[in-house]
Amino acid sequence: MADIKIAHIYGKTGPYEAYAKQSHDGLMLGLEYATGGTMEIDGEKIVVIEKDTQLKPENGKALLAEAYGDDEVDLAVGPVSSGVALAMLPVAEEYEKILIVEPAVADSITGSEWNRYIFRTGRNSSQDAVANAIALGGKDVKIATLAQDYAFGRDGISAFKEALEGTGTTIVTEEYVPTDTTDFTAAAERIFNAMKDIEGDKKLFVIWAGGGNPMSKIQAMDPSRFGIEIATGGNILAALAAYKEFPGMEGATYYYYESPKNEINDWLVKEHMARFGTPPDFFTAGGMAAGLAAAAAIKKAGGTDTEDLITAMEGMEWDTPKGKMVFRAEDHQALQSMYHFKIRVDDGVAWAIPELVRELTIDDLPIPIRNGK
């Protein structure tokens, strides 16, 4: 009997190493949960092959071709970086095999660069944007933005601006800086100069991935003297430690382990604490959603034939640590809940707690279809 082969192609080494480990742990936990611990579907063994992109687009492209061609995998999952994902998408089309994108976020993955072999369990920039717009926008709100100058940052701000249309919110200025920036003085000064003389509820909204998060450094420059508050979306637990400087800050997040209330999340939290001594994180939940999706699709399709899988996955609903997800038939983006939070600081907890204000369900989030199909 043939094995079910799944390639996990992701940035194991490099700046997003923490995201990658969570993503892989989650993927394996998802497959374990979906198979009741047997790691088999209909008597066929699941084999997961790992490949490290080192966050290089050309590596992602070559490794995916190797997985589909030489390793003859049935489907692939990954990668961490949006830039790497965009290089990988045409390879899935060339080999006519499925790529489940998790956790790369850029809208263009299920937008302008999409093809029918691409399914994404991870959230996209628009889901982040619409959720944060609901949490932050409003009449007389004035927002400056700061993001990294690549697909994740630019798509994120573009979607955020679009989501704020009609809310009475004004975007005053946008700053984009290189991904490896460590000195934010110049960008912050430009933002302060643009914001200081205007009236209203002033916020600086930050979109950032990886290390070197600018929030603490900008906070040290005292934006409050100009009436500016810092705002951002959720993040991994290690990054949430820095949010302790921002009690009361609001935003929206993809996942925090205490927010969803369902059986799968209860299992994930319990098992993760038992095995790793920490709660599951942002990308653990995402990896698990991908593992659960792959298993659900193979069961529904009755095998690993690509065309059967596509038919099974379009419009497919399945349960995850975040509750129900649905692959939208038009662009294969997983529709899912997001969580409006307010930061609470507890001296006994190493990170700031993004306490749930309310769950933003699939019905609350009008996510645009961007692939023109």
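Residues numbered from 1 in each chain as written. Predicted model: local features only at pLDDT ≥ 70, side-chain atom pairs only at ≥ 80, totals over all residues. Heavy atoms only, no water.

Caption draft 1: Quick look at the overall build of the protein chain. Check the secondary structure of the protein chain and you find 11 helices and 16 strands. C-alpha atoms of the protein chain, sized along the principal axes, occupy 70 × 40 × 35 Å. Out of the 373 residues in the protein chain, the part that is buried amounts to 57%. Accessible area of the protein chain: about 14,500 Å², with a carbon and sulfur share of 48%. Considering the protein chain, the positive charge centre built from 35 side chains and the negative charge centre built from 58 side chains are found 4 Å apart. (Helix = DSSP H or I, 4+ residues; strand = E, 2+ residues; numbered from the N terminus. Buried < 20%, exposed > 50% of the residue type's maximum accessible area, 1.4 Å probe, protein only. Areas by Shrake-Rupley, 256 points an atom, 1.4 Å probe, with all protein chains shown as cover. Lys, Arg positive; Asp, Glu negative; His and termini not counted. Charge placed at Lys NZ, Arg CZ, Asp CG, Glu CD.)

Caption draft 2: Structural detail: the sheet that holds strand 2 (residues 40–41). Pairing is mixed across the open sheet formed by 6 strands, whose spatial order is 2-3-1-4-5-6. Two strands lie at the open edges of the sheet, namely strand 2 and strand 6 (118–120), each paired on one side alone. Here strand 1 (residues 4–10) pairs with strand 4 (residues 75–77) via 3 bridges, running parallel. Bridge pairing in strand 4 links Ala 7 to Ala 76. Sitting on the sheet, helix 3 (residues 82–95) touches strand 1, strand 5 (98–101) and strand 6, and the angle it makes with strand 5 is about 155°. (Pairing = 2+ DSSP bridges. Contact = heavy atoms within 4.5 Å. Axes fitted to C-alpha atoms, helices over the stretch in contact; angles between N-to-C directions.)

Caption draft 3: Inspection of the side chain of Gln 127 at higher detail. Secondary-structure assignment places Gln 127 in helix 4 (residues 125–136). From its side chain, Gln 127 meets the backbone oxygen of Ala 334 in a polar contact 2.9 Å long. For Gln 127, the residues in contact, after removing those within four places along its chain, are Gly 122, Gln 333, Ala 334, Leu 335, Gln 336, Met 338 and Ile 367. (Polar contact = N/O pair within 3.5 Å; in protein donor to acceptor, adjacent residues only side chain to side chain.)

Caption draft 4: Up close: the sheet that holds strand 8 (residues 170–177). Read from one edge to the other, the open sheet built from 4 strands follows the order 8-7-9-10, with strand pairing classed as parallel. Of all strands in the sheet, those with a lone pairing partner are strand 8 and strand 10 (228–232), marking the two edges. In this sheet, neighbouring strand axes are inclined to one another by 20° on average, regardless of whether the strands run parallel or antiparallel. Here strand 9 (residues 201–207) runs beside strand 10; their pairing, made up of 5 bridges, is parallel.

Caption draft 5: Fine view of the environment of Asp 140. Considering the arrangement of structural elements, one finds Asp 140 in the loop between helix 4 and strand 7 (141–148). Sequence separation between Asp 140 and Lys 322 is 182 residues; the distance between their C-alpha atoms is 33 Å. If we skip the residues at most four places from it in the chain, Asp 140 touches Gly 168, Glu 199, Gly 200 and Asp 201.

Caption draft 6: Representation of the pattern of salt bridges within the structure. A full pass over the atoms with the stated rule returns 18 salt bridges. Where Arg 123 meets Asp 128, a salt bridge forms, and the shortest distance between an N and an O atom there is 3.0 Å. Accessibility expressed as a relative area gives 8% for Arg 123, which makes it buried. Judged by relative accessible area, Asp 128 falls into the buried class, the value being 15%. Close ionic contact of Glu 355 with Arg 344 constitutes a salt bridge, the shortest N to O distance being 2.6 Å. Here Glu 355, found in strand 16 (residues 353–360), pairs with Arg 344, found in strand 15 (residues 338–344); they are 11 residues apart in sequence, far enough to count as distant. Take Arg 344: its relative accessible area is 33%, and that puts it in the partly exposed class. (Salt bridge = Lys/Arg side-chain N within 4 Å of Asp/Glu carboxyl O.)

Caption draft 7: Summary view of the environment of Phe 283. You can see Phe 283 is positioned in helix 10 (residues 282–301). Owing to a relative accessible area of 6%, Phe 283 belongs among the buried residues under this scheme. As for Phe 283 and Asp 25, which are separated by 258 residues in sequence, their C-alpha atoms are 8.9 Å apart. The contact partners of Phe 283, leaving out residues within four places of it in the chain, are Tyr 19, Gln 22, Ser 23, Pro 103, Arg 123 and Ile 236.

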